[in-house]
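# Topology and contacts: notes
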Amino acid sequence: MGRLSRLIAGCAGITVTILGILNTRTSDITAPPEGLTTTPAVALVPAGLALLLQVLPLDSRLRTGPAAGLALTAAILGGAALDRHPAAAVATLLSGLALACLDLRLPRRDGEVPIRVADPLLLGAATVALVALVPRLFAATFPNGQEPAGVMPLYLAVALLALTAGAILARPEAGPLRTLDQSGPRTAVRRLAPALIAAPLIAALVSAFAVRTGLSRPAAAVSTGAILAALGLLGLLAFLVRTLDLADRRQRRLVAELRDRQDFADTLLQSMNEAVMVLDANYRVIDVNRRWRELTGQHDDLREPPPLPPPGSGGDWLLPRADGTAVPVLATMAAIPDAAGATRGYVATCVDIASRKEAEEALTSHAAELERGNERLATALAFKNDLTSMLTHDVAQPISSIASLAELLSADWADLPDDVRLELAQKIDKNTRRLVKMMNDLQLLFRLDTGTVTARRVPVPLLELVRAAAGADDRVEIAIDEELSALADRGHLAVVVENLLKNALTHGAAPVRVGACPQAGGTVLLTVQDSGAGIPEDVLPSVFGRFIRGAGLGLFIVRHLVEANGGSVRYEHAKPRGACLLVTLEAAPR
C-alpha cells in the first residue's frame, strides 16, 4: 500500500505543477488583478514541486529542506493574495503550511500516538475547495458572466483537492490512512460514504430551494448551504475519527490482553517441571517446553513426535533421546476437545522416573543382598547346629572314653597288671589322637569356611605321598607309577589322601586299592577304592557335605582342599562292590 500511495501522491504533485504552469498569466503578485487566475496559480507551482519532493526516494536531509522551502514559498504566495482572492488564498496558504509541516507531530499527554500538525491544515484546505465547488451546482441561476464574489475557478479547486489528497497519500503510515488501516478501512468507508454524499446534496437542495422560492439571494443561499454542508461534514468526520480512535484503542487493548494471555500461557508451559509436547489433530508438533528439550536432548525444531502411548492411556515408557539412548518416563497422552467435542489436538506429558527406577533397582539389589545374607545366616545357623551335633556326638565320645579309662587306670593302678595298664594307656592315647585329629579338622574347617586357605602348588610325586600316608598298613594296595606327579600343595594333598584312606578303612572294608593314571587334557586321576558295601543312595547327595553323623569331616575337607588346588572329586560305585572316590588334579610336567 505504501508504494502505491506515494506513486499516486507523486502524480498528484506533477498534475498540480502542470495546472499551475498552464494557468499562470503573470508571476507579479503586486500587479493589478487580471482575473482569478493570477497569484493563486503561481502558488500551485512550488506547492506541486514540494509534494513531488516529499515522495521521491531521496535522503531525508536532501528532501526535507527543499520541500519545506517550496511549501513555505507556496504559502507566502497564497497569503499575499488574501485581500484580492480570499478563498483561494486561504486554501493555498493552508496547503503550503501543511506540506511544510508534513512530518511534524505534537505529543499527547495520554501517551497515545502523536497528532500530525498537517492533518487539520489539510482538512481546512479541502473544506475551502469543496465550498468553492458548491456554486457550480447553481450556475444556471446566475446571469451570464456573473458569479458570487470570492469563488475560485474550477481548475484551482481541483488542484487544491488533488494537493490535499496527495499530501495525505504521501505519508500513508501516518494521519487518516493509518487510522483507517488499523481500524478497518471497509467499516470506515461504509460509515463515511453516506454522510459524504448526503451532506453536500442536502446543502445543495436547501440552497436551490432558497434561490428558486426567492427566500434568499443566490450568493447568500450558496454560502449558507456551503457552510451548513461543511459544518455537517466536519461534525461527521469528527464523530467518525472519534469512533475509529475508540475502536483502535479497544482493538489495541484486546491485542495487548491476548498477547498477555499468550505470554502467560507460554511462561506457564515453559516453567512446568514435567516434559510437555503439544500436537495438532494430525499429530504434528506444535510446541514443546524447556523440560522436554532437556529430557530428550533435542534442541532443534521437532517435526515428527517420538513414539508415545495412544490417547487416553499412559504408564511407564521409554522416551528416546537425541544421542540414541532412552530415558524411562511416566507418559500420558490426552486429547484436547473443541467446543463441539471434536478433537482439535493432543497434549503429551512425560515425567522423568529414572531416579525412581534407580531407587527400585537399588532396592531390589539390596533385597537380593539381604536374601543372600539370610542364606548365609541360615548356613551359619546350620553350621552351628551341625557343629553342636558333632561336638555332642563325635567329640564327646572320645572325651568320655578318655575320662573313663583315665579314672579306671588311676583308681586301680596298683591292682592292675602291667599288660592291662598298658592296654588302658594305649586306648587313652588312641582316643587322644582321635580327638587331636578332630580338633585339627575343625581348625581346618574354620579356615576353609572363612576362605583363608591358599594353595602353593608344586610337583608332588604321588607314589611317595601315598606310601607315606598308608605307612605299614598292609590293608592298602598301591599301584602308581613312580614318575607320575600332580601339581598341588603337598600339605593339602597329604591331608586329602589321609582322609580318603581313613574313610575307606573306617566305613568300607579291606583291601583298599589306591591307583593313579594320566588323563587327556594334562590331568592325572587318583582313585581310592574299598571293598565294602558302598555308600547308600540316600547319603550320596550329601556325601561331601560339611557334617555326616558318624563320618566326621573327612570328605568335606577333601572336597574343599581339592577344589582349592584346581581339581575336583567325585564318587562312583565300584565293581563288583565297594565305594570308589576319584580325585582329578593337574598333572605336573615330567
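From a predicted model like this one, the values you see are computed outputs, not experimental measurements.

What follows is about the confidence of the model for the protein. A residue-level look at the protein finds 78% of positions with pLDDT of 70 or above and a mean pLDDT of 79. Across residues 179–186, confidence stays below pLDDT 50; counting only partners more than four residues off in sequence or on other chains, it has 10 contacts.

Turning our attention to the sheet that holds strand β6 (residues 326–337). The strand order across the open sheet formed by five strands is β4-β3-β7-β6-β5, and the pairing between neighbours is antiparallel. Among the strands making up the open sheet, the edge pair consists of β4 (285–288) and β5 (313–320). Neighbouring strand axes in the sheet, compared pairwise and without regard to direction, differ in orientation by 30° on average. For strand β3 (residues 275–280) and strand β7 (residues 343–352), the ladder comprises six bridges, and the chain directions are antiparallel. When the sheet's bridge partners are listed, Ala275 is paired in β7 with Cys350.

What follows concerns helix α3 (residues 60–80). Given a rise of 1.5 Å per residue, 21 residues ought to cover 30 Å, and the 30 Å separating the end C-alpha atoms of α3 matches this to within 8%. Here α3 has its buried residues at Arg63, Ala67, Ala68, Ala71, Ala74, Ala75, Leu77 and Gly78.

Counted under the stated rule, the structure contains one aromatic pair. Pairing Tyr283 with Tyr346 gives two aromatic rings, centres 4.7 Å apart and planes at 25°, and the pair type is stacked. Residue Tyr283 is found in the loop between β3 and β4, and its partner Tyr346 is found in strand β7; the two are separated by 63 residues along the sequence. Directly above the aromatic system of Trp413 lies the positively charged group of Arg421, at a separation of 4.4 Å from the ring centroid.

With that out of the way, let us pick up the side chain of Asn503. Here Asn503 is to be found in helix α14 (residues 490–507). By relative accessible area, Asn503 is classed as buried at 17%. Sequence-distant contacts of Asn503, that is, excluding residues within four places in its chain, are made with Gly508, Leu555 and Leu581.

Analysis parameters
Residues numbered from 1 in each chain as written. Predicted model: local features only at pLDDT ≥ 70, side-chain atom pairs only at ≥ 80, totals over all residues. Heavy atoms only, no water. pLDDT = per-residue confidence, 0-100. Contact = heavy atoms within 4.5 Å. Pairing = 2+ DSSP bridges. Helix = DSSP H or I, 4+ residues; strand = E, 2+ residues; numbered from the N terminus. Axes fitted to C-alpha atoms, helices over the stretch in contact; angles between N-to-C directions. Expected span 1.5 Å × (residues − 1). Buried < 20%, exposed > 50% of the residue type's maximum accessible area, 1.4 Å probe, protein only. Phe/Tyr/Trp six-rings, centres within 6.5 Å; stacked < 30°, edge-to-face > 60°. Lys NZ or Arg CZ within 6 Å of the ring centre and 35° of its normal.

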